[in-house]
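Working through the structure, step by step
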Amino acid sequence: MSAHTTTVAGVDVDTRHWIGGRRVASAETFTDISPIDQGVLGEIARGGATEAEAAVAAATEAFPAWAATSRAERARFLHAIADGVDRRREELAIVETNDNGALLRSHRRGVMPRVAHNLRFFADWLLELEHAPFDTRGHTNHVSWDPAGPCVLITPWNAPLMLATWKVAPALAAGNTVVLKPAEWSPLTASLLADIAAEAGLPPGVLNVVQGYGAEVGAPLVAHPDVRRVSFTGSVPTARTIAAAASANLTPHSLELGGKSPLLVFADADLDLAADLAVEQYDNAGQVCLAATRLLVEESVAEEFTRRFVEKASSLTQGDPRDEATSVGPNVHPRQVERIDGFVKRALAAGARAVVGGGPNTDLGGLHYRPTLLTDVAQDSEIVQEEVFGPVLTLQTFATEDEAVALANDTRFGLAATLATGDAARADRVAARLVAGTVWVNCFFVRDLRAPFGGSRQSGLGREGGTWSFDFYCDLKNTVTAPKGWNDHG
Ligand code: NAD
């Protein structure tokens, strides 16, 4: 084992960057800790402008040959990487759980299969992607999706490998080369992805991984003039900085940001289902961008809904995310717990009431925060308007459908919305009026890679998923061919 390897739950992870098909160290490192016990997982190479430059140079050099491969060849590589993910599913799951604290059983059964699916789906989708030719006075229009160039992909810590491959897969399938920058709180599975890609024979420079802090290595990457696409998932303040840097070069960028999504519960809903959907919002200790953190409940059923919610919420088990019985694990980092608690303390001081939770779980200690529901909150208060990104929900009531829609739409976000109703006509009416990239009716988190995904307002810019991913990662071209012997320019 080299000095540049750390062993996490029996899995060796290289702590260096992956640039141009080889491991590259940095003079400095940063410490990666585990949310489970705050123990040190490794000293990770801490990139800066030099590593950013090297990675973009490697991606730029590799681009022409990769762009010249056929769609089928690229699909074969992506399937080979997916095979590697499937083979190493257990290792990826345990490393990810140690690194970001999300449940091991979710990583095993949901997330890592989805990681492989991301890779296979976009490979296969591109094989089928075409626009029917169309005619202009006898001339044929042919639309093509051309590779765009080196892409910089920046990801957050709450779903590291899932979000990385959601971007890496379409970018590579499209014929682009990639520089991936994982979040500093959970960098390990990106390094394993580099190993898997190398094992699959991906040519050097096609996928590069650089690690480090956003301001140090992320900033020079997104500002680099040779980069042709920037795709970012993360918070609104970071997005503003990235959008400004990318815009200076007119580099197209896609931004998938935060949310403050509502769950609307109408009196005609199945209240058990509604309470289940509400409790599901504590998934991943509330660190889910799509989470419906604002419960909006029709007055006439608010008491009964709350009773059922409290009953279900009290049966949640907090604990070690590696334990099968745990339903809510720790939050990711001491700074995140401090941030969550700050929001809750300020809300309580402003007059909110904690129906459940309301503070850290002092029995468990560590980074465990109690699943919390706050009532008596004003629509214009911080707790209703700002993303907490922790296990904290608010409950407000409404009297009419119009009021429900008005409250639901009254934030600066527009990522998702969920409604619980037994009335199909109401579902259609309300869904049409909600400002959201995704609306779920009587369900939550049903995601299909064919669907457009993204947020309205400050929840993002652009859509990815299915063909929309290729519209973003490619340069679209229309080639117009005259019929033989036709001269129509006069
Ligand atoms: P963040 O914005 O702090 O960081 C995200 C990434 O950006 C990290 O890799 C970070 O190092 C990098 N970064 C920071 N400054 C940078 C800069 N100046 N230039 C380039 N890169 C920079 O977000 P986070 O705290 O890691 O993640 C949580 C946020 O992500 C929440 O707001 C959540 O809602 C959002 N999120 C959105 C989605 C979605 O699909 N809409 C999915 C998951 C998470």
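Note that this is a predicted model, so its numbers are computed, not measured.

Let us now look at the pattern of salt bridges. The full count for this structure, using the stated rule, is 34 salt bridges. Residues K345 and D341 are paired through a salt bridge, measuring 2.6 Å at the closest nitrogen-oxygen approach. One end of the pair, K345, and the other, D341, are both in helix α11 (residues 334-349), 4 residues apart, so they sit about a helical turn from each other. Residue classification places K345 among the exposed residues on the basis of a relative accessible area of 54%. For the salt bridge of E401 with R429, the shortest nitrogen-to-oxygen distance reads 2.7 Å.

Before going further, it helps to examine the side chain of T177. Mapped onto the elements, T177 comes out in the loop between α5 (160-173) and β10 (178-181). Owing to a relative accessible area of 0%, T177 belongs among the buried residues under this scheme. A distance of 2.7 Å separates a polar atom in the side chain of T177 from the backbone oxygen of A59. What T177 contacts, discounting residues up to four positions off in sequence, is A59, T60, A62, F63, W66, G149, P150, C151, L172, G205 and V206.

Taken as a whole, helix α9 (residues 271-279) has its buried residues at L271, A274, A275, L277, A278 and V279. The inward-facing, buried residues of α9 abut β14 (261-265), β15 (292-298), α10 (299-313), β18 (392-398) and β19 (416-420). At the N-terminal end of α9, a side-chain oxygen is found 3.0 Å from the backbone nitrogen of D272, two or three residues along, and the residue is D270.

Here we take up the site of the ligand. Close to the ligand lie 28 residues, the nearest being K181, E184, S235, L257 and E387. In the environment of the ligand, an oxygen atom lies 2.7 Å from a nitrogen or oxygen atom belonging to the side chain of K181. Between an oxygen atom of the ligand and a side-chain N or O atom of E387, the distance comes to 2.6 Å. Within the complex, the protein chains bury 88% of what would otherwise be the 860 Å² of accessible surface of the ligand. At a threshold of 2 Å from the grid points, most atoms of the ligand map onto the largest pocket. Elements with a contribution of two residues or more to the shell around the ligand: α7 (214-222), β12 (229-233) and α8 (236-248). Class assignment of the residues belonging to the shell around the ligand gives a composition of 14 nonpolar, 10 polar and 4 charged.

Once that is clear, we can look at α7. Owing to its 3.6 residues per turn, the α-helix aligns residues three or four sequence positions apart on the same side. Regarding α7, the residues found buried are V217, G218, L221 and V222. Buried residues of α7 fall within an arc of 125° about the axis and therefore sit on the same side. Next to the buried residues of α7 lie α1 (49-67), β9 (151-154), β10, β12 and α8.

It is worth spelling out the layout of surface pockets at this point. Of the volumes computed, that of the largest pocket is approximately 1,000 Å³. If you list the elements that add at least two residues to the lining of the largest pocket, you get α7, β12, α8 and α11. Looking at which element gives the most residues to the lining of the largest pocket, the answer is α8, with 6 residues. Partitioned by chemical class, the residues of the lining of the largest pocket number 19 nonpolar, 11 polar and 8 charged. Domain assignment of the residues forming the lining of the largest pocket places at least three in each of domain 1 (5-257 + 455-478) and domain 2 (262-441).

With that settled, the discussion passes to the environment of S70. Considering the arrangement of structural elements, one finds S70 in the loop between α1 and α2 (71-87). Under the relative-accessibility criterion, S70 is labelled partly exposed at 33%. In this structure, the C-alpha to C-alpha distance between S70 and L127, residues 57 residues apart in sequence, is 9.7 Å. Polar contacts involving the side chain of S70 include one to the main-chain amide nitrogen of E73, which spans 3.0 Å.

This next bit is on the sheet that holds strand β7 (residues 134-136). Spatially, β7-β8-β22 is the arrangement adopted by the 3 strands of the open sheet, whose pairing is antiparallel. Only two strands of the sheet have a single neighbouring strand rather than two, namely β7 and β22 (474-481). Neighbour to neighbour, the strand axes of the sheet diverge by 35° on average, direction disregarded. Bridge count for β7 against strand β8 (residues 139-147) is 3 bridges, and the pairing is antiparallel. Across the sheet, D135 pairs through a bridge with T140, a residue of β8. Packing against the sheet, helix α15 (residues 466-473) makes contact with β8 and β22, and its axis sits at approximately 85° to β22.

Another point: the domain arrangement of the protein chain. How big an interface is tends to be expressed through the accessible area that disappears when the partners come together. Examined at the domain level, the protein chain breaks down into domain 1 (5-257 + 455-478) and domain 2 (262-441). Put simply, the middle of domain 1 and the middle of domain 2, counted by C-alpha atoms, are 31 Å apart. Contacts between the two partners involve 27 residues from domain 1, matched on the other side by 30 residues from domain 2. Counting the surface domain 1 buries against domain 2, the share from its top three residues, W157, W185 and R457, is 25%. Linking E324 and R109 is a salt bridge whose minimum nitrogen-to-oxygen distance equals 2.7 Å. Our count for the domain 1 to domain 2 interface comes out at 14 residue pairs in polar contact (both at pLDDT 80 or more). Secondary structure elements with two or more residues in the side of domain 1 that touches domain 2: α3 (89-100), α4 (104-128) and α8. Tallied by class, the residues present in the side of domain 1 that touches domain 2 amount to 11 nonpolar, 10 polar and 6 charged.

About the cut-offs
- Residues numbered from 1 in each chain as written.
- Predicted model: local features only at pLDDT ≥ 70, side-chain atom pairs only at ≥ 80, totals over all residues.
- Heavy atoms only, no water.
- Salt bridge = Lys/Arg side-chain N within 4 Å of Asp/Glu carboxyl O.
- Helix = DSSP H or I, 4+ residues; strand = E, 2+ residues; numbered from the N terminus.
- Buried < 20%, exposed > 50% of the residue type's maximum accessible area, 1.4 Å probe, protein only.
- Polar contact = N/O pair within 3.5 Å; in protein donor to acceptor, adjacent residues only side chain to side chain.
- Contact = heavy atoms within 4.5 Å.
- Near = heavy atom within 4 Å.
- Areas by Shrake-Rupley, 256 points an atom, 1.4 Å probe, with all protein chains shown as cover.
- 1 Å grid on protein atoms, 1.4 Å probe; cavity = no way out; pocket = protein on both sides within 12 Å on 5 of 7 lines; lining within 4 Å.
- Sits in = over half its atoms within 2 Å of the grid points.
- Nonpolar A, V, L, I, M, F, W, Y, C, P; charged D, E, K, R; others polar.
- Arc of directions from axis to C-beta.
- Points joined across faces, edges and corners; volume = space filled by probe spheres on them.
- Domains from an automatic or database assignment.
- Pairing = 2+ DSSP bridges.
- Axes fitted to C-alpha atoms, helices over the stretch in contact; angles between N-to-C directions.
- Buried area = accessible area lost by both parts, 1.4 Å probe.

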